[in-house]
Amino acid sequence: MQSQALLSLVVPFYNAADYFGQLLASVETQLTDAVQIVLVCDGATDNSLALAQQHIAASAKPGCYLLLTQANSGVSAARNLGIAHSTGCYIGFLDADDVILPGYMSQLLHVIAQHQPDLIEIGYKRFSDISALPSARPHYMRHKAGKHKVSSVASAVFQSNRWFSCLRIYRKAIAPDFSFPSGIAFCEDVMAIPTLYQQAFQLYHLRLPLYGYREHSSSASFNVTPAQQQQLQQFFTGLQQGS
């Protein structure tokens, strides 16, 4: 049984068998006792759950994994369940069809140990073919590497409008009740992540490409329904009315 971890990474998955193995393999090669991996099966009907079970059974550090299951309730509910069961002082998010890049865990753990920021931002690469990842162009936030007061970079962050949850790691103590909006499966990051910037004082920008974001035709970003578009519109309308 793993004692309290320094970093918990929440991984919701639903019918992700085509890519899930690559994500799990990228995690396993970097895993240390300081990291907890919280896998949340969101009612998958393919063999994703079996893949997760087999991976844990074969892992060199099975105690670092926590596998949770729920009836299909959406990515927000799955992440929220994972957050509720996370023991780490810091929490981050991974998507089941992506990968973490070399140095992800070691760099994050180093920043946490040395600086204890409220928020950590990381760079990423987009890819469709994993063999092209080494040569893919890295993407970063607009500000420089290192420590920043959130108040000094907030404007640039909001202007860039890149709210991917997988590019942020937050200190649990600043937002113990943080959650994603239930019932939302599109742009849930946009609705949730800005609240972390409102509650954080200091952030650390790791200007390194540590996350691999996969683009493929079956991802949620490429399959937006009218109902999801309406949810997003209602969210922004609510913001305007509240301002």
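This text follows the structure it describes.
Okay, so let's go over this structure. (Residues numbered from 1 in each chain as written. Predicted model: local features only at pLDDT ≥ 70, side-chain atom pairs only at ≥ 80, totals over all residues. Heavy atoms only, no water.)

Turning to the overall build of the protein chain, a few remarks are in order. Within the protein chain, the secondary structure is distributed over 7 helices and 10 strands. Intrachain contacts of the protein chain at a sequence separation of at least 6 include 81% that bridge at least 24 residues. Here the protein chain displays about 11200 Å² of accessible surface, and carbon together with sulfur accounts for 53% of that area. (Helix = DSSP H or I, 4+ residues; strand = E, 2+ residues; numbered from the N terminus. Contact = heavy atoms within 4.5 Å. Areas by Shrake-Rupley, 256 points an atom, 1.4 Å probe, with all protein chains shown as cover.)

Next up on the list: the pairing of strand 9 (residues 168-171). Of the strand pairs in this sheet, strand 4 (residues 90-93) and strand 9 are connected by 3 bridges, and their pairing is antiparallel. Pairing of Tyr90 across the sheet is with Arg171, part of strand 9. (Pairing = 2+ DSSP bridges.)

The next thing to look at is the nonpolar core. Membership of the largest hydrophobic core comes to 40 residues, with the highest contact counts inside it found for Phe20, Ile37, Leu39, Tyr104, Ile122 and Tyr211. Elements with a minimum of two residues in this core: strand 1 (7-13), helix 1 (17-28), strand 2 (35-42), helix 2 (48-58), helix 4 (104-115), strand 6 (119-127) and strand 10 (202-214). Tallying contributions element by element places helix 4 first for this core, with 6 residues. (Core = buried A, V, L, I, M, F, W, Y, C linked by side-chain atoms within 4.5 Å. Buried < 20%, exposed > 50% of the residue type's maximum accessible area, 1.4 Å probe, protein only.)

At a minimum axis separation of 10 Å, helix 1 and helix 2 run at an interaxial angle of 20°. In terms of orientation, helix 1 lies roughly parallel with respect to helix 2. Seen along the crossing, helix 1 lies across helix 2 with a hand that is right-handed. Residues Ala17, Phe20, Leu24, Ala25 and Glu28 of helix 1 lie in contact with helix 2, whose contacting residues are Ser48, Leu51, Ala52 and His55. Looking at the contact of helix 1 with helix 2, its residues break down into 6 nonpolar, 2 polar and 1 charged. (Axes fitted to C-alpha atoms, helices over the stretch in contact; angles between N-to-C directions. Parallel < 35°, antiparallel > 145°, perpendicular 65-115°, else oblique. Left-handed = near helix turned anticlockwise from the far one by under 90°. Nonpolar A, V, L, I, M, F, W, Y, C, P; charged D, E, K, R; others polar.)

Moving on: helix 2. Among the residues of helix 2, Ser48, Ala52, His55 and Ile56 are the ones counted as buried. The buried residues of helix 2 occupy an angular sector of 95° when the element is viewed end-on, so they sit on one face. Facing away from the buried side of helix 2 by more than 90 degrees, the exposed set consists of Gln54, Ala57 and Ala58. Buried-residue contacts for helix 2 involve strand 1, helix 1, strand 2 and strand 3 (65-70). (Arc of directions from axis to C-beta.)

On to the pattern of salt bridges. Tallying each qualifying case throughout the model produces 6 salt bridges. The partner of Asp33 in a salt bridge is Lys61, with the nearest N and O atoms 3.2 Å apart. One end of the pair, Asp33, is in the loop between helix 1 and strand 2; the other, Lys61, is in the loop between helix 2 and strand 3, and 28 residues separate them in sequence. The exposed category is assigned to Asp33, whose relative accessible area is 54%. Note that Asp95 is salt-bridged to Arg79, the shortest N-O span being 3.1 Å. Of the two residues, Asp95 sits in the loop between strand 4 and strand 5 (99-100) while Arg79 sits in helix 3 (residues 75-84), which places them 16 residues apart along the sequence. (Salt bridge = Lys/Arg side-chain N within 4 Å of Asp/Glu carboxyl O.)

With 8 of 8 residues buried, strand 2 is to be regarded as a mostly interior element. Running through helix 1, the crossover from strand 1 to the neighbouring parallel element strand 2 is right-handed. Bridge count between strand 2 and strand 3: 6 bridges; the pairing is parallel. Looking at strand 3, one finds that Val38 is bridged to Leu66. Handedness of the crossover joining strand 2 and strand 3 through helix 2 is recorded here as right-handed. (Right-handed = clockwise from strand over helix to strand, strands pointing away.)

Within the secondary structure, Asp42 is located in strand 2. Buried charged residue Asp42 carries no salt bridge. Nearest counter-charge: Arg79, at 10 Å. Within polar-contact distance, the side chain of Asp42 engages the side chain of Gln70 at 2.8 Å. Here Ser73 takes part through its backbone nitrogen, which lies 2.7 Å from a polar atom of the side chain of Asp42. When sequence neighbours within four positions are dropped, the list of residues in contact with Asp42 reads Phe13, Tyr14, Gln70, Ala71, Asn72, Ser73, Gly74, Val75 and Ala78. (Lys, Arg positive; Asp, Glu negative; His and termini not counted. Polar contact = N/O pair within 3.5 Å; in protein donor to acceptor, adjacent residues only side chain to side chain.)

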